[in-house]
Amino acid sequence: MFEGGHSVGRSPDAPLQSITSPSDKTDETAQPLLQGATQPAYNGATSSQWRVPPIARPQPTHRGPRSTVPIPGAVHDKPYRFSFYSNAMSSAIHARYLYELPGPGQTFEDLIRGVPADNDKLAEPKQPASNLPPGIPFIRGSNDYDPEINTWWLDVLCPTDQEMKTLARTFGIHPLTTEDILMEETREKIELFRNYYLVCFRSFDQDPYSPTYLEPLNMYIVVFREGTLSFHFRHTPHPHNVRRRIKQLKDYINVTADWISYALIDDITDAFAPLIQSIEFEVDSIDELVLILKEAEQSDMLRRIGTCRKKVMGLLRLMGNKADVIKGLAKRSNEYWSVAPKSDIGMYLSDIQDHLITMTQNLNHYEMILSRSHSNYLAQISIEMTDANNQINDVLSKLTALGTIIVPMNVITGLWGMNVQVPGQDIDNLNWFGGICTAMVIIAVTGYITTVRYLSNR
């Protein structure tokens, strides 16, 4: 199901409405998810001006084991679309619907703050009170609140319009950001807003049946000071890789929202490395073989060059302006703005920028090598065709010389082969016959010498 986490399921004895889709209930996803005594401030409104009604969620039920044989068409067959991580929790949570993320007796705000559910309170020792200062706002924390104490990350796959409205109203996401996510904006960029910044970064989805097919996959990362929201519309291994990396390094680093966004960008960047390495091997092979292969072995060389160039151009299209986006993000890490990335993340981003620049330069270099190999291949084909034409011309020259010899003899023999009076036919000796043959030989030799001299002078 996932790495070291637990999935959210419902007991087989639970009523039907507790496991049905939210679309079958009242419009509960349209209501804000946060509740409690302390409320965040959005768009300049204070806590007293903005009150959150409690979320209408199903009655908490005891979590029972999933059936080992899923029922076709049941809720268990649907993929997990929501993944929640918090460094206040021992493992990540995966759920099919947004309302399934909080545990029994736990609100969404408790989940974000790191307050354990009822089952977790019984299973785990109570955390020190200093790890969760009371009275701290959720989105816009006070100056004495350290977001590294409780950093959360919610990854969303294929969000619906209603889910985006709920998340936008809950976390104070600007309508422009919501529009970019729902419309699947393809341009890579970074935008700073009042309480967060948005990073649009493109990965790729490779078709296993087509080695040259690379479909762009957009990843949208909304980074607050206390946590991160990530959105994507197709399955991708990047969130899983980042959670595994966090599990390996959480004892050595401070997992902040900026670090999670960096880790996602770094994992997307690293995904290009195997493709570029395979292209490097193919380019080196083509460059070495294009001039030494025999004619019988060059039948697929043009196809290999074309396929490799298509890969290179596809990767260059995906790399695009990634380096400019990272440069802008690293530049903003030095700005004195509360939502801008911190300066220590700027060093990590500079490392990603170096990798992107190196990859782009390598791809441009491979394109130049392939272009030169293509030209060399066409030049070699042209040389071979020229040699073949020269051989044909030599054969035709010999045939021309032979025709120069044969044609006069055919004229003479044909002339006297008709029903006409032949000179010396009434004479008993062969003098006339020998004279005619001698004249034919003299004409043939003269024609041959003349033809050879003419062809040699051309």
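Residues numbered from 1 in each chain as written. Predicted model: local features only at pLDDT ≥ 70, side-chain atom pairs only at ≥ 80, totals over all residues. Heavy atoms only, no water.

The name an unreviewed UniProt entry gives the protein is CorA metal ion transporter, with Malassezia arunalokei as the organism. Per UniProt, the protein carries the Subcellular location (unreviewed entry) text "Membrane". The record in UniProt for the protein states the following under Sequence similarities (unreviewed entry): "Belongs to the CorA metal ion transporter (MIT) (TC 1.A.35) family." (UniProt positions renumbered as here; feature names shortened; annotations may be inferred.)

### What about the UniProt feature "transmembrane region" (unreviewed entry) in the protein?
Within this numbering scheme, the UniProt entry marks residues 399-418 and 430-455 as carrying the feature "transmembrane region" (unreviewed entry). Secondary structure content for residues 399-418 is 90% helix and 0% strand, and the end C-alpha separation is 28 Å. The distance separating the terminal C-alpha atoms of residues 430-455 is 38 Å; by composition the span is 96% helix and 0% strand. (Helix = DSSP H or I, 4+ residues; strand = E, 2+ residues; numbered from the N terminus.)

### Comments concerning the packing of helix H7 (residues 272-289) against helix H8 (residues 301-319)
Contact pair H7 / H8: the axes reach a minimum separation of 10 Å and the direction vectors enclose 150°. When the interaxial angle is binned, H7 and H8 end up roughly antiparallel. The two elements H7 and H8 cross, and the hand of that crossing is left-handed. Between H7 and H8, the residues in contact are Phe272, Leu275, Ile276, Ile279, Glu282, Val283, Ser285, Ile286 and Leu289 and Met301, Arg304, Ile305, Cys308, Lys311, Val312, Leu315, Leu318 and Met319, respectively. Taken together, the residues of the contact of H7 with H8 break down into 14 nonpolar, one polar and three charged. (Axes fitted to C-alpha atoms, helices over the stretch in contact; angles between N-to-C directions. Parallel < 35°, antiparallel > 145°, perpendicular 65-115°, else oblique. Left-handed = near helix turned anticlockwise from the far one by under 90°. Contact = heavy atoms within 4.5 Å. Nonpolar A, V, L, I, M, F, W, Y, C, P; charged D, E, K, R; others polar.)

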